[in-house]
Amino acid sequence: MLQLGAADVAEGADAPEFGLRPGLSTDLTEPKPGGGNWDLSRDEDVQELEELQEKEKPCLLTGSPPSAPFSILLRIHLKRQEAEEDFALEGRKHLRNSVAAYWRQIRGGRCFLHEHPKAAPSWKETEMVELMEDTSVVYVEGPMCRWDVMGKVASGAGYVRQATGWITNCPEIADAL
């Protein structure tokens, strides 16, 4: 049975517009309650997330770790091997911490939704593979344009045709995707 907490969605300035109670947001562009921005590759931010997740017990936690550390093209352009390794380590740490937050949701009887590009090597990271092997977790994939995601390039705007993947432990979300 789904356990409701102090918030319906663990993100969402627009949540009240849909009749939902907004909760915490740990997006890299979002300010933390104590100041500064979130970064789940920093231990202090991870601790703060754990405390807020325990306090608010959001019904749904959404996540989409930064794609750049897993981007093969971007990593090719990094000039120093050490810089590339540091970049990849930060991305893996962020992903590990996101997956740990998803496990807390599962253990608490609550839901999560994770999104990342289908081709990203992050799907093959040990923690992600283990999460996807859980019988409650469903993988869904499709092109971003199916959800009317638009992008801009020099020649104009258009639909983003990149394939993306989602995992969730909420069958209703999986069906909707």
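Every value quoted in this text rests on a predicted model; they were computed, and no experiment measured them.

Undergrad: How would you sum up the environment of Asp-175? Please name residues and give values.
TA: In this fold, Asp-175 is placed in helix 5 (residues 171–176). Separated by 35 residues in the primary sequence, Asp-175 and Val-140 place their C-alpha atoms 8.8 Å from one another.

Undergrad: Summarise the nonpolar core; cite the residues concerned and give the values.
TA: Counting 17 residues, the largest nonpolar core has Val-99, Tyr-102, Phe-112, Met-128, Leu-131 and Ile-167 as its most contacted members. Listed by contribution, the elements that provide at least two residues to this core are helix 1 (43–56), helix 3 (81–107) and helix 4 (126–133). With four residues, helix 3 is the largest single contributor of residues to this core. Not counting residues within four places of it along the chain, the set of residues in contact with Phe-112 comprises Leu-60, Leu-61, Tyr-102, Gln-105, Ile-106, Leu-131, Val-137, Ile-167, Thr-168 and Asn-169.

Undergrad: Run through the pattern of salt bridges, naming residues and quoting values.
TA: Inspection of the entire model under this criterion finds seven salt bridges. The residue Lys-118 makes a salt bridge to Glu-141 at a minimum N-O spacing of 3.1 Å. Remark: Glu-141 occurs in strand 3 (residues 138–143) and Lys-118 occurs in the loop between strand 2 (111–117) and helix 4; sequence separation between them is 23 residues.

Undergrad: Can you lay out the state of the cysteines for me, pointing to particular residues and giving the numbers?
TA: Here the structure, examined in full by the defined rule, presents zero disulfides. Left without a disulfide partner, Cys-111 is nearest to the cysteine sulfur of Cys-170, which lies 4.1 Å away. Taking relative accessible area as the criterion, Cys-111 reaches 10% and is therefore assigned buried.

Undergrad: Run through the sheet that holds strand 3, naming residues and quoting values.
TA: The sheet built from four strands is open, its strands ordered 1-2-6-3 with mixed pairing. Looking at which strands have only one partner, the edges of the open sheet turn out to be strand 1 (60–63) and strand 3. The average angle at which neighbouring strand axes cross in this sheet is 20°, direction not considered. Where strand 2 lies against strand 6 (residues 163–168), five bridges are found, and the strand directions are antiparallel. Bridge assignment links His-114 to a residue of strand 6, and that residue is Ile-167. Contacts from helix 4 reach strand 2, strand 3 and strand 6 within the one sheet, and its direction differs from that of strand 6 by about 60°.

Undergrad: Break down helix 1 for me, citing the residues and quoting the values.
TA: The end-to-end C-alpha distance of helix 1 is 20 Å, a good match for the 20 Å that 14 residues give at a rise of 1.5 Å each. Within the sequence span of helix 1, burial applies to Asp-45, Val-46, Leu-49, Leu-52, Gln-53 and Glu-56. Buried residues of helix 1, seen end-on, are gathered within an arc of 130° and therefore sit on one face of the element. Along helix 1, exposed side chains directed more than 90 degrees from the buried face belong to Asp-43, Glu-54 and Lys-55.

Undergrad: Could you give an account of the environment of Gly-108, with specific residues and numbers?
TA: Summarising the element assignment, Gly-108 is placed in the loop between helix 3 and strand 2. Along the primary structure Gly-108 and Lys-57 are separated by 51 residues, whereas in three dimensions their C-alpha atoms are 8.0 Å apart.

Undergrad: Before we move on, could you go through unusual backbone geometry and cite the residues and values that matter?
TA: The phi dihedral of Lys-57 is positive, around 45°, even though this residue is not glycine. Within the fold, Lys-57 resides in the loop between helix 1 and strand 1. The exposure class assigned to Lys-57 is partly exposed, which follows from its relative accessible area of 28%.

Undergrad: Break down the pairing of strand 6 for me, with residues and values.
TA: Strand 6 sits mainly inside the fold: five of its six residues count as buried. As paired strands, strand 3 and strand 6 are joined by six bridges and run antiparallel to one another. Residue Pro-143 lies in a different strand from strand 6, and its bridge partner there is Ala-163.

How each quantity is defined
Residues numbered from 1 in each chain as written. Predicted model: local features only at pLDDT ≥ 70, side-chain atom pairs only at ≥ 80, totals over all residues. Heavy atoms only, no water. Helix = DSSP H or I, 4+ residues; strand = E, 2+ residues; numbered from the N terminus. Core = buried A, V, L, I, M, F, W, Y, C linked by side-chain atoms within 4.5 Å. Buried < 20%, exposed > 50% of the residue type's maximum accessible area, 1.4 Å probe, protein only. Contact = heavy atoms within 4.5 Å. Salt bridge = Lys/Arg side-chain N within 4 Å of Asp/Glu carboxyl O. Disulfide = S-S within 2.5 Å. Pairing = 2+ DSSP bridges. Axes fitted to C-alpha atoms, helices over the stretch in contact; angles between N-to-C directions. Expected span 1.5 Å × (residues − 1). Arc of directions from axis to C-beta.

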